[in-house]
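These are the residues of each chain, in order.
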Amino acid sequence: EHRYSGPDAAADVEDLYIINVSLNAQYRLNVRNRLASYYRAGVGYYSPENGGNTYYGGNAGVGLLTVSNRLSLSLGADYHYVREGLDYSWVEPDDIGEDIQFLLSHLGVVLYF
């Protein structure tokens, strides 16, 4: 789930929640000792959490990963492109149906089982 806060709690702009389910392929390249870079891309569906239509889109990402047998740290960024936009009440009528693009950065822990 992706969450974006409105600019002002008193404004008429609601918080934006997007549920994303994607199928991605990822390639990992060892850089040095226990450090690797990764590249990934995929397609998926994007849906407003409050209901409404589901839209298709794609994503591509890059990042760095520490390599170990049990636990790794990951730092990266993913670019998302949602075809034909999302339907929220604050979207201008002329912009409904426009494509949406956003960049998501992340820092995470990867556990191997």
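Predicted, not measured: the structure shown is a model, and the values here were computed from it. (Residues numbered from 1 in each chain as written. Predicted model: local features only at pLDDT ≥ 70, side-chain atom pairs only at ≥ 80, totals over all residues. Heavy atoms only, no water.)

Asks: When you look at the side chain of Asn59 in this model, what are you seeing that I'm missing?
Replies: Looking at the secondary structure, you find Asn59 in strand E4 (residues 55–66). Take Asn59: its relative accessible area is 7%, and that puts it in the buried class. At 3.3 Å, the side chain of Asn59 and the side chain of Ser22 are in polar contact. Those residues in contact with Asn59 that sit more than four places away from it in its chain are Ser22, Asn24, Arg40, Ala41, Gly42, Tyr46, Tyr79 and His80. (Helix = DSSP H or I, 4+ residues; strand = E, 2+ residues; numbered from the N terminus. Buried < 20%, exposed > 50% of the residue type's maximum accessible area, 1.4 Å probe, protein only. Polar contact = N/O pair within 3.5 Å; in protein donor to acceptor, adjacent residues only side chain to side chain. Contact = heavy atoms within 4.5 Å.)

Asks: What's the story with the pattern of salt bridges in this structure? I'm lost.
Replies: Taken as a whole and judged by the stated rule, the model has 2 salt bridges. A salt bridge links Arg40 to Asp78; its shortest N-O distance comes to 3.2 Å. With Arg40 in strand E3 (residues 35–48) and Asp78 in strand E5 (residues 71–82), this pair connects stretches of sequence that are 38 residues apart. Each member of the pair, Arg40 as well as Asp78, is classed as buried. The salt bridge partner of Arg83 is Asp99, with a shortest N-O separation of 3.4 Å. One end of the pair, Arg83, is in the loop between E5 and strand E6 (100–111); the other, Asp99, is in the loop between E5 and E6, with 16 residues separating them in the sequence. Judged by relative accessible area, Arg83 falls into the partly exposed class, the value being 34%. (Salt bridge = Lys/Arg side-chain N within 4 Å of Asp/Glu carboxyl O.)

Worth remembering: the numbers are spatial, not functional.
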